[in-house]
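Commentary on secondary and tertiary structure
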Amino acid sequence: MTDLRARTAATGSQDRSRPRAVLPALCLTQVTSWGVVYYAFPVLNPAIAADTGWPVAASTGAFSAALLVSALAGIPIGRILDARGPRAVMTIGSVLGVISVLGAAFAPNLPAFAAAWLLAGVAMAATFYQPAFAAVTRWWGHDRVRALTIITLAGGLASTVFAPLTATLAEHLSWRATYVVLAAILAMITIPAHALALRAPWPPAPPPPEHQAGAASQRVAGSRTFLLLASAFTLSAFAMYAVVIALVPLLTERGASTTAAAWALGLGGAGQTLGRTLYAALARRTNVTVRTAALIAAGGATTAALAVVPGPIMLLTALAITAGMVRGNLTLLQATAVPDRWGAAHYGRLSGLLTAPSTIAAALAPFAGAALSAPLGGYSRLFILLAGISVLAAVLALGTNPSDKRR
């Protein structure tokens, strides 16, 4: 009986370990948090630059700084999640998110705007995928892929909902007023959802897999497989997030309106949702190394296609949707990378360490993309460079072969 109780606690098979409100709440809050704090910015940034006179590279740099803060904050937040669960972390993160968006809306100058985004970085670390993944990985145990897929299916709709919504609001309001409206939406949805839906008892950490018994998380983090995997994810994240932020200017460079480009970005989010429905089948039919390398390489292929196809906008939108499908699978790939290789005992900490460099790369990507587009001669050549980076990442991923996963 004792063994049975231990197993059910570890795997999340008890009713109390799978609180019914968690999945719906996290689905809703992921859509809203990503939509307001992340996806609204690339839509509003041209209006921000036009209204304030701030250089695009400077405002994008403030956004990049937020992602950098998110990477650094994710490691200690991961430790807190392992020990105490997600309720306090995600509720406080939602409050900080609202404050930061309002801070950006009312910023009188560029330093104040940048300070608001630094605060937003802490909110990202506390509300985006990582804490949500930690929650369902602990509560759902061995059935985590299903729960993770459901959350990311919903999260993939963030750009689909909020990029067009932001563009529509911006057609009738200033960018500052648009951010105020979005902050109100963020407050009304995410704060009560996190505070009320995540109250279930936090299950004890499951034991590590037998082959990892007695192995400290420090040893895993220093292994060859972990370091190669972190490198591959870092390069892939740089390319992927540069593509996301640069997609709107790429399309407008080719004659699309801002609204049409925003719709392409938004439909790419729908592609993420569609792609994630395929991940479970892909996981059953491939080993973890092949899956990792193939998906990263597919990301490079879609980036190259966006670089060389001149139009029309419908074809470019279709490519954006395809790129979104790959991006959606890459999110699930990273979410399951730690438990697939090393178990869930130290998920929060190991996941924070694994994703920190990739989040830093994602932080630098928007600024680097904006800075490199001019000397490279436009966004098409930038996308060719990003495709090459993805290919290099795929090659590194091939080095994380199954025989290395226990080191």
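For clarity, every value in this text was computed on a predicted model and none was experimentally measured.

**Observations concerning the overall build of the protein chain**
A tally of regular secondary structure across the protein chain gives 17 helices and zero strands. Burial statistics for the protein chain: of 407 residues in total, 57% are counted as buried. Of the contacts formed within the protein chain by residues at least 6 apart in sequence, a portion of 84% connects residues at least 24 apart. Accessible surface computed for the protein chain: about 15500 Å², of which carbon and sulfur atoms make up 68%.

**Re helix α12 (residues 258-276)**
Structural remark: α-helix, 3.6 residues per turn; residues separated by three or four positions point the same way. An ideal rise of 1.5 Å per residue puts 27 Å on 19 residues; α12 measures up with 27 Å between its terminal C-alpha atoms. Sitting at the head of α12, S257 places a side-chain oxygen 3.0 Å from the backbone nitrogen of A260.

**What to know about the environment of R381**
Tracing the chain through its elements places R381 in helix α17 (residues 379-398). Given a relative accessible area of 54%, R381 falls into the exposed group. Considered as a pair, R381 and V308 are 73 residues apart in the sequence and their alpha carbons are 8.7 Å apart. Here L376 takes part through its backbone oxygen, which lies 3.4 Å from a polar atom of the side chain of R381.

**Quick look at the packing of helix α14 (residues 288-308) against helix α15 (residues 313-342)**
Following both chains from N to C, one finds α14 and α15 inclined at 155°, their axes separated by 9 Å at the closest point. Classed by the angle they form, the pair α14 and α15 counts as roughly antiparallel. Here α14 runs over α15; the crossing is left-handed. For the pair formed by α14 and α15, the contact residues are V288, R291, T292, L295, I296, A298, G299, T302, A305 and L306 on the first element and L316, L319, A320, T322, A323, V326, N329, L330, L333, D340 and R341 on the second.

**Describing the packing of aromatic side chains**
A full pass over the atoms with the stated rule returns 16 aromatic pairs. Aromatic side chains Y129 and F133 sit 4.9 Å apart centroid to centroid with 5° between the ring planes, which places their arrangement in the stacked category. In this pair, Y129 and F133 are both assigned in helix α6 (residues 129-140), four residues apart and thus about one turn of the helix distant. When its relative accessible area of 9% is taken as the criterion, Y129 is described as buried. For F133, a relative accessible area of 2% puts it in the buried group.

**Some words on the nonpolar core**
Ranked by size, the top nonpolar core spans 122 residues in total, and within it L26, Y38, F113, W117, Y179 and L386 carry the most contacts. Of all the elements, helix α11 (residues 224-253) adds the most residues to this core, at 19 residues. When residues no more than four places from it in sequence are discounted, the contact partners of F113 are F41, I48, W54, S59, A62, A104, A107 and W175.

**Here we look at empty space enclosed by the protein**
Per the stated rule, a full pass over the model turns up five cavities of 30 Å³ or more. The space that makes up the largest cavity amounts to roughly 700 Å³. Along the wall of the largest cavity there are 40 residues; nearest its centre are W34, Q130, Y241, Q334 and T359. Of all the elements, helix α16 (residues 347-376) adds the most residues to the lining of the largest cavity, at nine residues. Broken down by class, the residue content of the lining of the largest cavity amounts to 23 nonpolar, 15 polar and two charged. Taken as a whole, the second largest cavity spans an internal volume of roughly 120 Å³. Lining the second largest cavity are 14 residues; nearest its centre among them are M240, G299, T302, T303 and L330. If you list the elements that add at least two residues to the lining of the second largest cavity, you get α11, α14 and α15. The element that contributes the greatest number of residues to the lining of the second largest cavity is α14, accounting for five residues.

**Focus: the side chain of S70**
Its location among the elements puts S70 in helix α3 (residues 56-84). With residues near it in sequence (within four places) discarded, S70 still touches G121, M124, A125 and T359.

**Side note on the packing of helix α4 (residues 87-105) against helix α5 (residues 110-127)**
Running from N to C, α4 and α5 point in directions that differ by 160°, and their axes come no closer than 8 Å. The angle between α4 and α5 places the two elements in the roughly antiparallel class. The handedness of the crossing between α4 and α5 is left-handed. Contact residues: V89, M90, G93, S94, L96, G97, I99, S100, G103 and A104 in α4; F113, A116, W117, L119, A120, V122, A123, A126 and T127 in α5.

**Some points on α4**
Relative to the 27 Å expected for 19 residues at 1.5 Å per residue, α4 spans 27 Å between its end C-alpha atoms, a close match to the ideal helical length. The complete set of buried residues in α4 reads V89, M90, T91, G93, S94, G97, V98, S100, V101, A104 and A105. Elements that come into contact with the buried residues of α4 comprise α2 (22-52), α3, α5, α6 and α9 (175-197).

**Section: the side chain of T29**
Within the secondary structure, T29 sits in helix α2. A residue is classified by how much of its surface remains accessible, and T29, at 0% relative accessible area, is buried. At 3.0 Å, the side chain of T29 and the side chain of H194 are in polar contact. Once residues within four sequence positions are removed from consideration, T29 is found in contact with I189, T190, A193 and H194.

**Things to note about a nonpolar patch on the surface**
There is a patch of nonpolar side chains on the surface, built from L102, F106 and V180 and spanning about 260 Å² of accessible area. In this structure, L102 sits in helix α4.

**Side note on the confidence of the model for the protein chain**
One rule of thumb: low pLDDT means the predicted coordinates there are not for detailed reading. The predicted model of the protein chain averages 84 in pLDDT, with 90% of residues at 70 or higher. Overall, residues 1-16 carries pLDDT values under 50, and its contacts beyond four positions in sequence, including any with other chains, amount to 23 contacts. pLDDT under 50 marks residues 211-215. Its contacts with residues more than four places away, or in other chains, come to eight contacts.

What counts, and at which threshold
Residues numbered from 1 in each chain as written. Predicted model: local features only at pLDDT ≥ 70, side-chain atom pairs only at ≥ 80, totals over all residues. Heavy atoms only, no water. Helix = DSSP H or I, 4+ residues; strand = E, 2+ residues; numbered from the N terminus. Buried < 20%, exposed > 50% of the residue type's maximum accessible area, 1.4 Å probe, protein only. Contact = heavy atoms within 4.5 Å. Areas by Shrake-Rupley, 256 points an atom, 1.4 Å probe, with all protein chains shown as cover. Expected span 1.5 Å × (residues − 1). Polar contact = N/O pair within 3.5 Å; in protein donor to acceptor, adjacent residues only side chain to side chain. Axes fitted to C-alpha atoms, helices over the stretch in contact; angles between N-to-C directions. Parallel < 35°, antiparallel > 145°, perpendicular 65-115°, else oblique. Left-handed = near helix turned anticlockwise from the far one by under 90°. Phe/Tyr/Trp six-rings, centres within 6.5 Å; stacked < 30°, edge-to-face > 60°. Core = buried A, V, L, I, M, F, W, Y, C linked by side-chain atoms within 4.5 Å. 1 Å grid on protein atoms, 1.4 Å probe; cavity = no way out; pocket = protein on both sides within 12 Å on 5 of 7 lines; lining within 4 Å. Points joined across faces, edges and corners; volume = space filled by probe spheres on them. Nonpolar A, V, L, I, M, F, W, Y, C, P; charged D, E, K, R; others polar. Patch = residues over 30% accessible without salt bridge, like charges linked within 9 Å, V, L, I, M, F, W, Y side chains within 5 Å. Salt bridge = Lys/Arg side-chain N within 4 Å of Asp/Glu carboxyl O. pLDDT = per-residue confidence, 0-100.

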